[in-house]
Amino acid sequence: MKIKSFIISIITLFVIWVLLNHRLTPEVFISGAVVAFAVGLIFCNSCDIFNDLKLTPKAFFYSFLYILVFLRELVKSNFDVAKRVISPKLPINPGIVEVKTKLKSKLGRMILTNSITLTPGTFTVELLDDRIFIHWIDVKSENIEEDTNMIVRKFEKYLEVIYG
Amino acid sequence: METIEIIGAFITLIGSVFLLLGSIGLIRMPDVFTRIQAGTKASTLGTLLSLFGLGLIYLDIAGKIFLLIVFILITNPVSSHMLARAAHYIGIKKADITVVDKLSTFRKNEQNNETQKPEAK
């Protein structure tokens with residue numbers, strides 16, 4: 001199923017082109033479509049990164065939910081880190097913990113680790129198969145299960161539906 | 001001055017406050033990893049809010065601003081992950097208050113296994 005990956009790449013390129021031009025006149029539309037198709041044809045011959053993406057209505061709904069959850073976590077943890085930075089005692093408790101993920105697809109794992117990195121307070125140092133090593137600014141537990149529940153689960157339950 | 005411009009300016013101001021806090025964190029944190037936390041992280045929301053406010057003020061370039069936000073969301077975590085990974089790989093000294101480092105333990109175990117295998121043959 002390479003064709004799915006190919007089509008998603010072309011659509012992504014075309015949307016970026018239209019946003020950069022900021023208008024949709026016929027010449028922009030035609031040149032964009034031709035160039036996006038050519039670039040997709042040349043560079044997306046063997047790419048299979050988007051093949052894991054499910055295009056069902058449920059997946060779209062969960063993508064939307066995922067963005068909301070992600071934004072909520074982003075704001076919450078930004079305030080948390082900001083509070084730590086300005087408090088005189090500097091209440092940090094850093095360390096590198098290990099968690100496990102249930103996601104199988106490459107794209108799903110990439111989005112999971114990038115989300116973890118984007119939320120302040122935690123970031124991914126290393127990803128080896130299903131083990132993720134995370135630097136945490138405030139280590140609450142050293143148990144793998146508990147850490148997985150605290151850091152990964154809130155994102156994973158949505159990504160599981162979208163990427164399987 | 002229209003209302004939407006005032007709202008945009010206010011959001012940009014909040015964003016710059018977050019950027020300021022990120023810079024303060026960069027100075028106050030004790031080691032590389034915690035500095036990456038403060039430097040690149042408190043600034044994610046700062047950058048996003050600043051750009052969002054700009055998009056509200058200049059509505060005609062809102063599409064490009066949206067694209068910038070998406071690119072920052074893609075590239076920011078990759079760069080901080082690579083910095084941290086390289087720093088850990090060359091064995092940079094961690095702060096004394098570091099509680100646990102499971103990656104170092106994992107690497108050590110793996111090295112021991114590799115050195116033991118040829119001997120077993």
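### Here we look at the overall build of chain B
Part 1 of the reasoning: The helix and strand inventory of chain B stands at four helices and zero strands.
Part 2 of the reasoning: Counting from the amino terminus, helix and strand elements in chain B follow one another as α-α-α-α.
Part 3 of the reasoning: Computed over C-alpha atoms, the radius of gyration of chain B comes to 21 Å, more than 25% over the 14 Å expected from 2.2 N^0.38 for 121 residues, which places it beyond the range of a compact globule.
Part 4 of the reasoning: Counting only C-alpha atoms, chain B reaches 80 × 30 × 15 Å along its principal axes.
Part 5 of the reasoning: Look at the contacts in chain B between residues 6 or more apart in sequence, and 65% of them connect residues 24 or more apart.
Part 6 of the reasoning: Summed over all atoms, the accessible surface of chain B reaches about 7,300 Å², with 68% contributed by carbon and sulfur.
Part 7 of the reasoning: Here chain B carries 12 positive and 9 negative side-chain charges, and the mean point of each set is 9 Å from the other.

### Observations regarding helix H3 (residues 62–89) of chain B
Residue and element names in this part refer to chain B.
Part 1 of the reasoning: Look at H3: 41 Å from first C-alpha to last across 28 residues, which is about the 40 Å you get at 1.5 Å a residue.
Part 2 of the reasoning: Those residues of H3 not exposed but buried are Gly-63, Ile-65, Leu-67, Ile-69, Asn-76, Pro-77, Ser-80, His-81, Ala-84, Ala-87 and His-88.
Part 3 of the reasoning: Remark: Gly-91 follows H3 within two positions and exhibits a positive phi of approximately 70°.

### Describing the side chain of A:Arg109
Part 1 of the reasoning: Here A:Arg109 shows up in helix H4 (residues 106–118).
Part 2 of the reasoning: Those residues in contact with A:Arg109 that lie beyond four places of it in its chain are A:Thr101, A:Leu103, A:Lys104, A:Asp129 and A:Asp130.

### Considerations on the pattern of salt bridges
Residue and element names in this part refer to chain A.
Part 1 of the reasoning: Following the criterion strictly, the structure yields six salt bridges over all chains and no others.
Part 2 of the reasoning: Among the ionic pairs, Arg-72 bridges to Glu-73, the shortest N-O distance being 3.4 Å.
Part 3 of the reasoning: For Glu-73, the salt bridge identified is with Lys-76, shortest N-O distance 3.6 Å. With Glu-73 and Lys-76 both in helix H3 (residues 57–86), this residue pair falls three residues apart, about one helical turn.
Part 4 of the reasoning: Salt bridges sharing partners connect three or more residues here, namely Arg-72, Glu-73 and Lys-76.

### What to know about the pairing of strand E1 (residues 95–100) of chain A
Residue and element names in this part refer to chain A.
Part 1 of the reasoning: Burial within E1 is extensive, with five of its six residues counted as buried.
Part 2 of the reasoning: As judged from the six bridges shared by E1 and strand E3 (residues 131–136), these two strands associate in the antiparallel manner. Bridge pairing in E3 places Val-97 opposite Ile-134.

### Observations concerning the domain arrangement of chain A
Part 1 of the reasoning: Its domain assignment divides chain A into domain 1 (2–51) and domain 2 (57–163).
Part 2 of the reasoning: Each of domain 1 of chain A and domain 2 of chain A was reduced to a C-alpha centroid, and the two centroids are 31 Å apart.

### Points about the side chain of B:Asn76
Part 1 of the reasoning: Here B:Asn76 is to be found in helix H3.
Part 2 of the reasoning: Not counting residues up to four positions away in its chain, the partners in contact with B:Asn76 are A:Leu118, B:Thr40 and B:Thr44.

### Digging into the packing of aromatic side chains
Residue and element names in this part refer to chain A.
Part 1 of the reasoning: Enumeration over the complete set of coordinates arrives at eight aromatic pairs over all chains.
Part 2 of the reasoning: An angle of 50° between the planes, with centres 6.0 Å apart, marks the rings of Tyr-62 and Tyr-158 as tilted. Here Tyr-158 lies in helix H5 (residues 144–163) and Tyr-62 lies in helix H3, a separation of 96 residues in the sequence.
Part 3 of the reasoning: Look at Tyr-62 and you get partly exposed, because its relative accessible area is 23%.
Part 4 of the reasoning: By relative accessible area, which is 15% here, Tyr-158 ends up buried.

### Observations regarding a nonpolar patch on the surface
Residues and elements named next belong to chain A.
Part 1 of the reasoning: On the surface, a cluster of nonpolar side chains totalling about 680 Å² of accessible area is made up of Leu-13, Val-35, Phe-37, Val-39, Leu-41, Ile-42 and Phe-43.
Part 2 of the reasoning: In terms of residues, the nonpolar patch owes the most to one element, helix H2 (residues 26–43), which gives six residues.
Part 3 of the reasoning: In this fold, Phe-37 is placed in helix H2.
Part 4 of the reasoning: According to the relative accessible area criterion, Phe-37 is partly exposed, its value standing at 43%.

### Structural notes on the nonpolar core
Part 1 of the reasoning: Ranked by size, the top nonpolar core spans 33 residues in total, and within it A:Val97, A:Leu112, A:Ile116, A:Ile134, A:Ile151 and A:Leu159 carry the most contacts.
Part 2 of the reasoning: Those elements giving two or more residues to this core turn out to be H3, E1, H4, E3 and H5 of chain A together with helix H1 (3–28), helix H2 (32–57) and H3 of chain B.
Part 3 of the reasoning: Broken down by element, the residue count for this core peaks at seven residues, all from H5(A).
Part 4 of the reasoning: Dropping the residues within four chain positions of it, A:Ile134 is found in contact with A:Gly95, A:Ile96, A:Val97, A:Val99, A:Ile116, A:Thr122, A:Phe123 and A:Ile151.
Part 5 of the reasoning: Core analysis: the next-biggest nonpolar cluster, separate from the first, contains ten residues, A:Val125, B:Ile36, B:Leu103 and B:Phe106 among them.

How each quantity is defined
- Residues numbered from 1 in each chain as written.
- Chains lettered and ligands numbered in written order.
- Predicted model: local features only at pLDDT ≥ 70, side-chain atom pairs only at ≥ 80, totals over all residues.
- Heavy atoms only, no water.
- Helix = DSSP H or I, 4+ residues; strand = E, 2+ residues; numbered from the N terminus.
- Rg over C-alpha atoms; globule rule 2.2 N^0.38 Å.
- Contact = heavy atoms within 4.5 Å.
- Areas by Shrake-Rupley, 256 points an atom, 1.4 Å probe, with all protein chains shown as cover.
- Lys, Arg positive; Asp, Glu negative; His and termini not counted.
- Charge placed at Lys NZ, Arg CZ, Asp CG, Glu CD.
- Expected span 1.5 Å × (residues − 1).
- Buried < 20%, exposed > 50% of the residue type's maximum accessible area, 1.4 Å probe, protein only.
- Salt bridge = Lys/Arg side-chain N within 4 Å of Asp/Glu carboxyl O.
- Pairing = 2+ DSSP bridges.
- Domains from an automatic or database assignment.
- Phe/Tyr/Trp six-rings, centres within 6.5 Å; stacked < 30°, edge-to-face > 60°.
- Patch = residues over 30% accessible without salt bridge, like charges linked within 9 Å, V, L, I, M, F, W, Y side chains within 5 Å.
- Core = buried A, V, L, I, M, F, W, Y, C linked by side-chain atoms within 4.5 Å.

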